Every structure is written in structure tokens, then in C-alpha cells.
Amino acid sequence: MTEASTREPAIEHLSVRANGLRFHVAQCGEGDRLALCLHGFPESWISWRNQIPLLARLGYRVWAPDLRGYGETERPSGAQHYAIETLMDDVAGLIDASGARSTLLMAHDWGAIIAWYFAMRRIRPLDRLVILNVPHAGASAKAFRTWQQLRRSWYALFFQLPRLPEFLLTRGGGRPLARVFRTGTQHPENFPDAVIESYRRSWLEPGAASAMVNYYRALVRGGGAERQRKLGFPVIETPTLFLWGEQDVALTKATSFGTERFVKDLTLRYLPDASHFVQQDAPAEVNAMLEAWLSGKFVPGAQK
């Protein structure tokens, strides 16, 4: 085997126009099978650094965008531009712009909120769905009313305040956000300084902190969650892999219970030694599960 054949697939960076915005997209691989990877708060495309090469080797053209308002993607001002319906339209626009014939949608945290709704509303056909550490809104409704979960959700309510969240999150050069990856994960060694620095630079861009917080404002104060609740939660027909790091400081494991009632073809695996940032905290285990599932093999559990 030559050195060239063992080298990791190259990542290139594109500017893609979708839903009226210019998106920065990291691309790897080629072909008409799209793997669209949606990151969460407070991340960027780089949160998928361990999964992008795997997906490319499995024959996907991987697109990992900076979501609206994040990183090098444009960020309109005002919470109304971050409504859940607009975020779903962003995903549809990216899929359309890719020209792919099939789509694997893979998503974590806020990206997963968008992906759950995108799949249940059937905005565009999906071949596969992968969700990491965000519960289905219908399945988790009861668990979110418990005191145990309400204590963990304090930040979502805090983010409804004007200006103060942005000030506190970015003070000291973004030190409070960086601390999330240093102290809120099981394996901080999997978050190298270069990755934290990349995140930190993106948080400090003009308007970036407001954009990130506006996702929460539009969902709660803007009524996005209530609008979606009134539409109901039809069963998702797309085959779905649901991975959950049990050491999640923001979401209880109980919020994931009952998901099988809302997803027809569900594969659920828990990772006891992984945090909310599961694909970065436990990349080897996540990748093994992902590869097995995409290859039609039995999906292994986490190693004890």
C-alpha cells in the first residue's frame, strides 16, 4: 500500500450560497451521496474533525458547515433570523446546493434540534439520520418538566436576557466557554489547544456571541418550540442512529427515554464514559458505532 493511499482524505473549504446566506462549508470526499454534519453550541465545523475522514472513506461527500451565525458563515442580526423554521430552510438549501442524490443527516446539540424537526417535517428526503446528545422534543417533554432537568437547563433561560449572556460568555477572551470543554468533558485531552483556540476565535468575532445565543431566544422567547409542538410529532420513518454520552452536564439520560415511540427504525446506544460533546469526547467509540451502522452490521455498545 502506498503512502498516498493511507493518507487521510483532504478537507477543502467552500463558500456555498443557501437560503439567502453565504455558508462556510468544510468538504471532504466526493460523489453524490451527501453526509451533511450539523454542529452544536458553541462549536463549528471542526467538531466533526474525527468523523469527516471516516465518512469520506465510506464513500460520502461530507459537508460540515458552520451554521448560520457561526464561524465564517454570515450572521444576520436579530433573533428573528434564527427561528427554527429558518434553520430548517438552511438545511434544505444546503442539500439543494450540494446536488446530491441521497443525504445522510448527522447532527449534534443545536444541530440535532434542527435535524429532529427537519426529519419529522420531511422538508427533504433523508436516507439516514444520526443524532448525538439531544433528545426528541416529543419523547423528552415529560422529562423536561422534572426538577432534575430544570436545574440543568438554567442556561437556556439565562440566555433569554438581553446583552448580559453575550458579555459573560466572551469575557476574558471567551474563557467561560473554553472552560466547558476543559471541565465539562470526560476526556479533555481530546480537545487540543488548537481546537479550543479555533472555537475561541470564532466566539469573539463581531456579532458571533449574539448569533449563538439567538438560537435559544428564537426557540423560547420567539415561540419556535411552541409552534412546533402545535404541529405535533409525526413518527420519523428515516432509519436513525441515536448516540448518547451519559456524562452530559446539560441533559439527563431520562430525556432520551421513549424515543422509540417517535422513530420507526431506531438504533440507540449509550456511552457511559462520554460527555455531551460525545463525538469529540469519545471519537473511537462513536466512529465504530457509526461505521457499523452505516455498513449494515451490528452496532457495538460502548467498551466498559
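*Asks:* Even after reading the chapter, I still don't get the overall build of the chain, so can you show me in this structure?
*Replies:* A count of helical and extended segments in the chain gives twelve helices and eight strands. Radius of gyration (C-alpha) of the chain: 18 Å, near the 19 Å computed for a compact globule of 304 residues. If you line up the chain on its principal axes, its C-alpha atoms span 55 × 40 × 40 Å. Looking at the chain residue by residue over its 304 residues, the buried ones come to 55%.

*Asks:* What is the right way to look at the side chain of T252 in this model?
*Replies:* With respect to the helices and strands, the residue T252 is situated in the loop between β7 (240–247) and β8 (266–275). Classification of T252 by relative accessible area gives buried; the value is 4%. Setting aside residues up to four positions removed in sequence, T252 forms contacts with Q148, Q149, R152 and W244.

*Asks:* Got a minute to help me understand the packing of helix α3 (residues 84–98) against helix α4 (residues 110–121) in this structure?
*Replies:* The relative placement of two packed helices comes down to the angle between their axes together with the axis-to-axis distance. Running from N to C, α3 and α4 point in directions that differ by 80°, and their axes come no closer than 9 Å. Judged by the inter-axis angle, α3 sits roughly perpendicular to α4. Judged by residue contacts, I84, L87, M88, V91, A92 and I95 of α3 engage W110, I113, I114, Y117, F118 and R121 from α4. Class assignment for the residues of the contact of α3 with α4 results in eleven nonpolar, no polar and one charged.

*Asks:* What is the right way to look at the packing of helix α7 (residues 164–183) against helix α9 (residues 208–219) in this model?
*Replies:* With their axes 10 Å apart at the nearest point, α7 and α9 run at an angle of 130° to one another. Considered as vectors, α7 and α9 are oriented oblique to each other. Both α7 and α9 take part in a crossing whose hand is right-handed. Between α7, through P165, E166, L169, T170 and L177, and α9, the contact on the second element is made entirely by A209, S210, M212, V213 and R217. Partitioning the contact of α7 with α9 into residue classes produces six nonpolar, two polar and two charged.

*Asks:* Would you mind showing me how to read the sheet that holds strand β5 (residues 102–108) here?
*Replies:* Strand-to-strand pairing in sheets goes through backbone hydrogen bonds, with the strands running parallel or antiparallel. Spatially, β1-β2-β4-β3-β5-β6-β7-β8 is the arrangement adopted by the eight strands of the open sheet, whose pairing is mixed. Looking at strand neighbours, the two that pair on one side only are β1 (11–18) and β8, the edges of this open sheet. Averaged over all pairs of adjacent strands, the angle between their axes in this sheet comes to 20°, without regard to strand direction. In this structure, strand β3 (residues 33–38) lies alongside strand β4 (residues 61–65), joined through three bridges in parallel fashion. Within β4, the position partnered with L36 by the bridge is W63.

*Asks:* Quick question: what am I supposed to make of the nonpolar core here?
*Replies:* When a protein is soluble and globular, its nonpolar side chains tend to lie buried together. L55 and W110 are the most contacted members of the largest nonpolar core, which has 94 residues in total. At ten residues, the largest contribution of residues to this core is made by α4. Setting aside chain neighbours within four positions, we find W110 in contact with H39, G40, F41, I84, L87, Y215, Y216 and L219.

*Asks:* Would you mind showing me how to read a nonpolar patch on the surface here?
*Replies:* Together, L161, L164 and F167 make up an exposed nonpolar region whose accessible area comes to about 290 Å². Checked against the element boundaries, F167 lands in helix α7.

Definitions and limits used
Residues numbered from 1 in each chain as written. Predicted model: local features only at pLDDT ≥ 70, side-chain atom pairs only at ≥ 80, totals over all residues. Heavy atoms only, no water. Helix = DSSP H or I, 4+ residues; strand = E, 2+ residues; numbered from the N terminus. Rg over C-alpha atoms; globule rule 2.2 N^0.38 Å. Buried < 20%, exposed > 50% of the residue type's maximum accessible area, 1.4 Å probe, protein only. Contact = heavy atoms within 4.5 Å. Axes fitted to C-alpha atoms, helices over the stretch in contact; angles between N-to-C directions. Parallel < 35°, antiparallel > 145°, perpendicular 65-115°, else oblique. Nonpolar A, V, L, I, M, F, W, Y, C, P; charged D, E, K, R; others polar. Left-handed = near helix turned anticlockwise from the far one by under 90°. Pairing = 2+ DSSP bridges. Core = buried A, V, L, I, M, F, W, Y, C linked by side-chain atoms within 4.5 Å. Patch = residues over 30% accessible without salt bridge, like charges linked within 9 Å, V, L, I, M, F, W, Y side chains within 5 Å. Areas by Shrake-Rupley, 256 points an atom, 1.4 Å probe, with all protein chains shown as cover. Salt bridge = Lys/Arg side-chain N within 4 Å of Asp/Glu carboxyl O.

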